[in-house]
Structure formats: structure tokens, C-alpha cells
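Tertiary structure, described
The residues making up each chain are set out below.
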Amino acid sequence: MTTPAPDTTKTYDLSFAKWVYDNVNGGDKMALCMQCGVCSGSCPIGVQMDYGPRKLFQMIRAGMKEDVMTSNTLWNCTSCYRCVVRCPRGVPVTYILQDLAAKAVEMGYASAQATENAKFAKSFWWSARTWGRTDERLVTALYYFSLGFGEGIKRGLANLKIALGMVKTGRMHIGMPHKVKDAKGLKAILAKAAEIEERGSGS
Ligand code: SF4
Ligand code: SF4
């Protein structure tokens, strides 16, 4: 068996770990990570990530800044906090990933991803505001088609099997979206939230 040649095109920033420790929310605790892998093993979204949190932390230590900052791991974390609850060293994995995502946007590593996430957030918010609930069918459809008609069809077909499986097992319903009971109350809450936000942004 031949040993693969090292990738000499990659650059490593050996000050990256220190930068993460000093600048990323929870980053100072990353030094406590002992690479046990409990976080990655517990993560329900692990299969959708380029690298699990354990590997990502090791890459930070190795100075693989570009790979870390462009990784989809930062965006696919759903903030379920499973890793945080289970980490034996008390590493705030979720906070680190969240803040790395924010930093990736600030530093221009993730503008396409940030735009896509904003589109998803818009779809999500539309459903929450209109129905008082997130209707996964409408949120998904709106989001997919906001990326373009062709992309909407492509992504819809790619996920059709999953959607049919969810309908079959009762995890997704057919028919009108379920509405929240107190629509008036919800409207008042949202109006108050908008008012508070307005006040905050004006200060
Ligand atoms: S569970 Fe905690 S200590 Fe273990 S690899 Fe993940 S962050 Fe590191
Ligand atoms: S908070 Fe993110 S990284 Fe941690 S288990 Fe949940 S999805 Fe995975």
C-alpha cells in the first residue's frame, strides 16, 4: 500500500487555536477538550456535518482555519445542547459552534451560507407569524423555492421519500396547516416583541 502524498496546497494558521480561545464565546473552555468523542457520538445531526464537533476542535488546534470556517458543521448544528449536557469536561460545544458561525459571516467566509440561512429564517418566521406554528411542509416548500424554481423542484424531489415516510408514520399531516388557538394573543405578543426590538435598535 502506498502512502498518499501530503496536501501541500493547504495552509495552516498555527495562531488560530489561540484566536479561538480568546475571541470565540466559550472558546477558552475548548482547551479542556480531551477528544473523547462523546459530543460527536451524541449529535443527532452528525451525519449531516462535514466534521463532528470533536474533529472540528482538533482541526482548530491543528490550525486548519479555512476548513473550519467554511465547514457546514457550523450551520447544521441545531443547538439541541445534547453535546453540552453529555460532555464530561463541560465544554460549551453549542456556544462555540454558534459563535464560530457568526465569526465566519463577519470574516466573509460564509456569505452564501448566511444568505441561505436568512431565507430559511424568513420562511420559518412567515409560518410562525401566519399560523402560530411552524408547518414543516410550507416552511420547507417556501424555503426551497426561495432558492429558485429549479432548486425548489430538485430539493423537493430529493426529499420526497422522506416526506412520504413522515406522512405514512403520522409525523406530517395532509390538509390545512394547524393554527394556534389564540391567534389574537399571538398577534399581541409579536407586536410587543417588535416594539421592544424597535426600542432596542433605536438606543
Ligand atoms: S465531549 Fe467534550 S471532551 Fe469529549 S470530544 Fe466533545 S468537547 Fe471534547
Ligand atoms: S448542539 Fe449541535 S453539535 Fe451539539 S449535539 Fe446538538 S446539533 Fe450536535
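How each quantity is defined
Residues numbered from 1 in each chain as written. Chains lettered and ligands numbered in written order. Predicted model: local features only at pLDDT ≥ 70, side-chain atom pairs only at ≥ 80, totals over all residues. Near = placed C-beta within 6 Å. Helix = DSSP H or I, 4+ residues; strand = E, 2+ residues; numbered from the N terminus. Nonpolar A, V, L, I, M, F, W, Y, C, P; charged D, E, K, R; others polar. Axes fitted to C-alpha atoms, helices over the stretch in contact; angles between N-to-C directions. Left-handed = near helix turned anticlockwise from the far one by under 90°. Contact = placed C-beta atoms within 7 Å.

1. Comments concerning the site of ligand 1
Not every one of the 14 residues close to ligand 1 is listed here, only the nearest: Cys33, Cys36, Val38, Cys39 and Cys87. Where the shell around ligand 1 is concerned, the elements lending two or more residues are α2 (38-42) and α3 (53-61).

2. A look at the site of ligand 2
Every one of the 14 residues lining ligand 2 counts as a neighbour, but Cys43, Cys77, Cys80, Arg82 and Cys83 are closest to it. Breaking the shell around ligand 2 down by element, the ones donating at least two residues are α6 (82-86) and α7 (93-106). By residue number, the principal contributor to the shell around ligand 2 is α7, which donates three residues. Class assignment for the residues of the shell around ligand 2 results in nine nonpolar, four polar and one charged.

3. Quick notes on the packing of helix α8 (residues 111-131) against helix α9 (residues 136-146)
At a minimum axis distance of 9 Å, the contact between α8 and α9 shows a crossing angle of 145 degrees. Relative to α9, the crossing made by α8 is right-handed. Counting all contacts with α8, which are made through Lys119, Phe120, Ser123, Phe124, Trp126 and Ser127, the residues of α9 involved are Leu138, Val139, Leu142, Tyr143 and Ser146.

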